[in-house]
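Residue-level structural notes
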Amino acid sequence: MKKLFSFTNLPPFLKNKILRWITLALTLLSIFSLVVSFLYNYIVGVIFLVAVCLILSYIFKKMNDLSDSTENYISDLSYRISRGDQEALLEMPVGVIIISENGAIEWVNPYLMPYFGDQDLLGTNLEETNPELNDILTNNWNNPDNATVKWQDHYFTLLIQKEYRTAYMIDITRYYQIEKDYSDEKISIGQVFLDNYDEITQSMSDQEISNLNNYVTNELNIWAQKFGFFIKQVDEDHYIMFTYSKILKDIEADKFNILDTIRESTSKQNFPLTLSIGIAYGEDNLNELAEQAQSDLDLALGRGGDQVVVKAKDHEARFYGGKTNPMEKRTRVRARMISQALQEVFRESDQIFVQGHSQPDMDSIGACMGIHRLAQMNNKHCYIVIPEGTFHSDVQRLINKIQEDDELKDDVITPDEALQKATDNSLLIMVDHSKPSMSVSSKLYERLENKVMIIDHHRRGEEFPENPVLVYIEPYASSTCELINEMFEYQSQDAEPINKLEATAMLTGIFIDTQSFTLRTGTRTFDAASYLRSAGADSSEMKEFMQENPDSYMARMHLISLARFISDEKNMMVVSGEQDKVYDPVTAAQAADSLLNMSGVSASFVITRRPDDLIGISARSNGEVNVQRVMEELGGGGHLSSGATQIADKKIDEVDQMLDEAIKKAKSEEAPEENQDS
């Protein structure tokens, strides 16, 4: 009985739950109708019974046929799907390889077989059969995303399913090449500028100027023909170049040797000419590309010229060249123009704020005092923003002197006081630095970022205010005090002149930054010193400012005793201070200066822990080594012969290793290609 009513003995359509319920409903309805019919009339009931039996038989038969048809369709569909899966694995244009846990090849679909040639694969170890593919799979085994890989001169999109130990490889060589061609053929625009053309040609005859122009143009055209790009002269000292991204890579690999070619050749002829180049790439809009190229050229010039800046919008810049110290300009035209522009900016402002960098030195404080005097000459109120805390002995002595001066003391304020006094029409002047992150008060900069002026003698870095109202950056200058000093002669003769304390502070700033007039010193440096001396600068007070206290002197001597030559670089010395000992940044800088006095030392680096718990590096050079590039690799900056940086969350020995790597990288970037001359 149990077997009789089992589901296996039921008609096929009754195995379907929905059809069973339909059948049950029809059966109950029919029985109910028959009962009603027999109660109404026996003959009608018999006729209705026959009709119901026929109808139900027909319905059950059709439902059974429908069930068989559906079952056959599903069975056929399942077969076709299964067959389709098998055919897809065998014939679809996707390579599939299954690897066992011990690295043996368990299965490879036919699409991937031609890449292995005639090798017998099944059961063989992949590392022995194809080491290249084994390395690719090993390196990407834990990568959950698609990866683009190169194997046997083909490019593939690789996806790995770790749980099934299966790798899928789609050959995208054709599409990769299309994308590469598109990238290689994107336009790059360059601006080429002759740095000191006006100064050099002032004393030359027309014939000599013509010969110089012909020489430079010929060299640039030879350079363009060598790499296959377009260059066109648009002015006596200005050229524009168009090239493809692919060609730009080749030019970068050549390290822009054209800079050395023109500089060395013109130097032999006693009219040393240098180039600055700004190149932009990566944009489809030519207008934006041209603007970026001009911005890159401005950056190259702001860093002292004789170099190349290659940069795309919102990307890091790449620097080439910059091996020479910038040459002093022979005219004061720009100083006069800046002085006049400064007067206009003063007139448009209700008050002036001037601030140096967060670790003030004599040049920074002296420059602030010079701006304070310029503001008074133009009948504007100026505040000097100085951070709270203690400073190195020379700076502290100067600040103490300022506090004793009735005219100056009320105008020296803290960053918080400056924020309270600032208005939308106030002007902020950043002196002796151009990086907002280095300012005494970054909040004050943010408050007045649309009314910012910069006066600096350091090479410009990538971090720079977006829209300064006026920029005066001259890397050739010895100090910021020298630049500001030159503006005094273009002020009203009726204004009250610079006083004794201001002149002494500014001359001390020049004296310290030039290391007693031995570094970065030009004729205008001595002109500035002469003017300040005539204005009342006191040499005895200068000496008092520069006196070291015993603790600083002993700390400097201790650092020098730790000096060692850098491995593989016998002309560079490095000092690594103790991890648990704090050194004043000025003491570290003085130690770096002292190391240059040793015979055979071209560059020095002093690594110490600073009072703010950062690890600082002070770098100095005699000009043979570009320490600015080394410091930029570590997030800092400076001059070719002077630089610094601060690094957070690192230990002394870690920074020492980072410095070693940065020196190697900077050296490799500046080294000419082997066989370049040939």
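Residues numbered from 1 in each chain as written. Predicted model: local features only at pLDDT ≥ 70, side-chain atom pairs only at ≥ 80, totals over all residues. Heavy atoms only, no water.

What follows is about a nonpolar patch on the surface. Judged by side-chain polarity, Phe38, Tyr42, Ile43, Val46, Ile47, Leu49, Val50 and Leu54 come together as a nonpolar surface patch covering roughly 790 Å² of accessible area. The dominant element in the nonpolar patch, judged by the number of residues it contributes, is helix H2 (residues 42-91), at seven residues. Mapping valine 46 onto the fold places it in helix H2. (Patch = residues over 30% accessible without salt bridge, like charges linked within 9 Å, V, L, I, M, F, W, Y side chains within 5 Å. Areas by Shrake-Rupley, 256 points an atom, 1.4 Å probe, with all protein chains shown as cover. Salt bridge = Lys/Arg side-chain N within 4 Å of Asp/Glu carboxyl O. Helix = DSSP H or I, 4+ residues; strand = E, 2+ residues; numbered from the N terminus.)

In terms of nonpolar packing, the biggest core is built from 54 residues, with Ile429 and Ile455 touching the most fellow members. For this core, the leading source of residues is helix H12 (residues 362-377), giving nine residues. Among all residues touching isoleucine 455, those that are not within four sequence positions of it are Ile371, Ile429, Met430, Val431, Asp432, His433, Tyr472, Thr480, Leu483, Ile484 and Met487. Residues Val192, Val216, Ile251 and Ile277 belong to the second largest nonpolar core, which totals 34 residues. (Core = buried A, V, L, I, M, F, W, Y, C linked by side-chain atoms within 4.5 Å. Buried < 20%, exposed > 50% of the residue type's maximum accessible area, 1.4 Å probe, protein only. Contact = heavy atoms within 4.5 Å.)

Glancing now at the sheet that holds strand E15 (residues 427-431). With parallel pairing, the six strands of this open sheet are ordered in space as E14-E13-E12-E15-E16-E17. For this open sheet the edge positions go to strand E14 (412-413) and strand E17 (470-473), each flanked by a neighbour on one side alone. (Pairing = 2+ DSSP bridges.)

All right, on to the sheet that holds strand E8 (residues 238-244) then. Spatially, six strands are ordered E7-E8-E6-E9-E10-E11 in an open sheet, and the strand pairing comes out mixed. In this open sheet, the two strands that pair with only one neighbour each are strand E7 (230-235) and strand E11 (318-321). Across the sheet, the mean angle from the axis of one strand to that of its neighbour is 15°, orientation sign disregarded. Sheet topology note: the E7/E8 ladder contains five bridges and is antiparallel. Bridge pairing links aspartate 235 to histidine 238 in E8. Relative to E8, helix H7 (residues 206-227) is tilted by about 5°, and along the sheet it contacts strand E6 (187-194), E7, E8 and strand E9 (275-280). (Axes fitted to C-alpha atoms, helices over the stretch in contact; angles between N-to-C directions.)

Following both chains from N to C, one finds helix H20 (residues 550-561) and helix H21 (residues 585-595) inclined at 50°, their axes separated by 9 Å at the closest point. One element, H20, and the other, H21, form an angle in the oblique class. Every pair of crossing elements has a handedness; the one defined by H20 and H21 is right-handed. Two secondary-structure elements touch here, H20 through Ser552, Ala555, Arg556, Leu559 and Ile560 and H21 through Thr587, Ala588, Gln590, Ala591, Ser594 and Leu595. Tallied by class, residues from the contact of H20 with H21 come to six nonpolar, four polar and one charged. (Parallel < 35°, antiparallel > 145°, perpendicular 65-115°, else oblique. Left-handed = near helix turned anticlockwise from the far one by under 90°. Nonpolar A, V, L, I, M, F, W, Y, C, P; charged D, E, K, R; others polar.)

Turning our eyes to something else, we now look at the environment of aspartate 237. Take aspartate 237: it is sitting in the loop between E7 and E8. For aspartate 237, a relative accessible area of 12% corresponds to the buried category. Between the C-alpha atoms of aspartate 237 and aspartate 195, which are 42 residues apart in sequence, the distance is 7.8 Å. Aspartate 237 has contacts with Val192, Phe193, Leu194, Tyr197 and Asp198, leaving out every residue within four places of it along the chain.

To continue, consider a negative patch on the surface. There is a patch of like negative charges on the surface, built from Glu127, Glu128, Glu132, Asp135 and Asp153. Listing elements by their share of the negative patch, those giving two or more residues are helix H3 (126-129) and helix H4 (131-140). Here glutamate 127 lies in helix H3. (Lys, Arg positive; Asp, Glu negative; His and termini not counted. Charge placed at Lys NZ, Arg CZ, Asp CG, Glu CD.)

A few words now on unusual backbone geometry. Despite not being glycine, aspartate 613 shows a phi value in the positive range, around 70°. You can see aspartate 613 is positioned in the loop between strand E20 (603-609) and strand E21 (615-621). Unusually for a residue other than glycine, aspartate 649 sits at a positive phi of about 60°. By secondary structure assignment, the location of aspartate 649 is in the loop between strand E23 (642-647) and helix H23 (652-670).

We now examine the side chain of asparagine 499. Structurally, the position occupied by asparagine 499 is in the loop between helix H16 (480-485) and helix H17 (500-513). Polar side-chain contacts of asparagine 499 include one of 3.2 Å to the backbone nitrogen of leucine 501. Dropping the residues within four chain positions of it, asparagine 499 is found in contact with Arg373, Glu407 and Ala535. (Polar contact = N/O pair within 3.5 Å; in protein donor to acceptor, adjacent residues only side chain to side chain.)

Attention now moves to the confidence of the model for the protein. For the protein, per-residue confidence averages 84 on the pLDDT scale, and residues scoring 70 or more make up 91% of the total. For the protein, H2 is the element with the lowest average pLDDT, namely 69, and E15 is the one with the highest, namely 95. Confidence drops under a pLDDT of 50 for residues 1-7, and excluding neighbours within four residues, the segment shows four contacts in the predicted structure. Overall, residues 672-678 carries pLDDT values under 50, and its contacts beyond four positions in sequence, including any with other chains, amount to six contacts. (pLDDT = per-residue confidence, 0-100.)

Moving on to the environment of aspartate 653. In this fold, aspartate 653 is placed in helix H23. The class for aspartate 653 is exposed, based on a relative accessible area of 54%.

Right, let's get into the packing of aromatic side chains. Enumeration over the complete set of coordinates arrives at 14 aromatic pairs. Ring geometry for phenylalanine 256 versus tyrosine 320: centroids 5.2 Å apart, planes at 45°, classification tilted. Residue phenylalanine 256 is located in the loop between helix H8 (245-253) and helix H9 (258-268), and its partner tyrosine 320 is located in strand E11; the two are separated by 64 residues in the primary sequence. Tyrosine 320 carries the same exposure label as phenylalanine 256, and that label is buried. One aromatic cluster is present, formed by Tyr111, Tyr115, Phe116, Trp151 and Phe156 through successive ring pairs. (Phe/Tyr/Trp six-rings, centres within 6.5 Å; stacked < 30°, edge-to-face > 60°.)

Taken as a whole, this structure holds 23 salt bridges when the rule is applied. Of the charged contacts in the structure, one is a salt bridge between aspartate 306 and arginine 263, with a shortest N-O distance of 2.9 Å. Here arginine 263 lies in helix H9 and aspartate 306 lies in the loop between helix H10 (286-302) and strand E10 (307-311), a separation of 43 residues in the sequence. Assessed through its relative accessible area of 13%, arginine 263 is described here as buried. One connected set of salt bridges, linked through shared partners, spans Arg629, Glu632, Glu633 and Lys665.

Moving on: the environment of glycine 103. The topology assignment puts glycine 103 in the loop between strand E1 (95-99) and strand E2 (105-108). The spatial distance from the C-alpha of glycine 103 to the C-alpha of glycine 123 is 9.2 Å, given a sequence separation of 20 residues. With sequence-adjacent residues up to four places away left out, glycine 103 is seen in contact with Thr124, Asn125 and Leu126.

Taking 1.5 Å per residue as the helical rise, H20 with its twelve residues ought to reach 16 Å, and the 17 Å between its terminal C-alpha atoms agrees with that figure. For H20, the full list of buried residues reads Ser552, Ala555, Arg556, Leu559 and Ile560. In a view along the axis of H20, the buried residues occupy a sector of 140°, so they form one face of it. Of the exposed residues in H20, those oriented more than 90 degrees away from the buried face are Pro550, Asp551, Met554 and Ser561. Against strand E19 (569-576), H21 and E20 lie the buried residues of H20. (Expected span 1.5 Å × (residues − 1). Arc of directions from axis to C-beta.)

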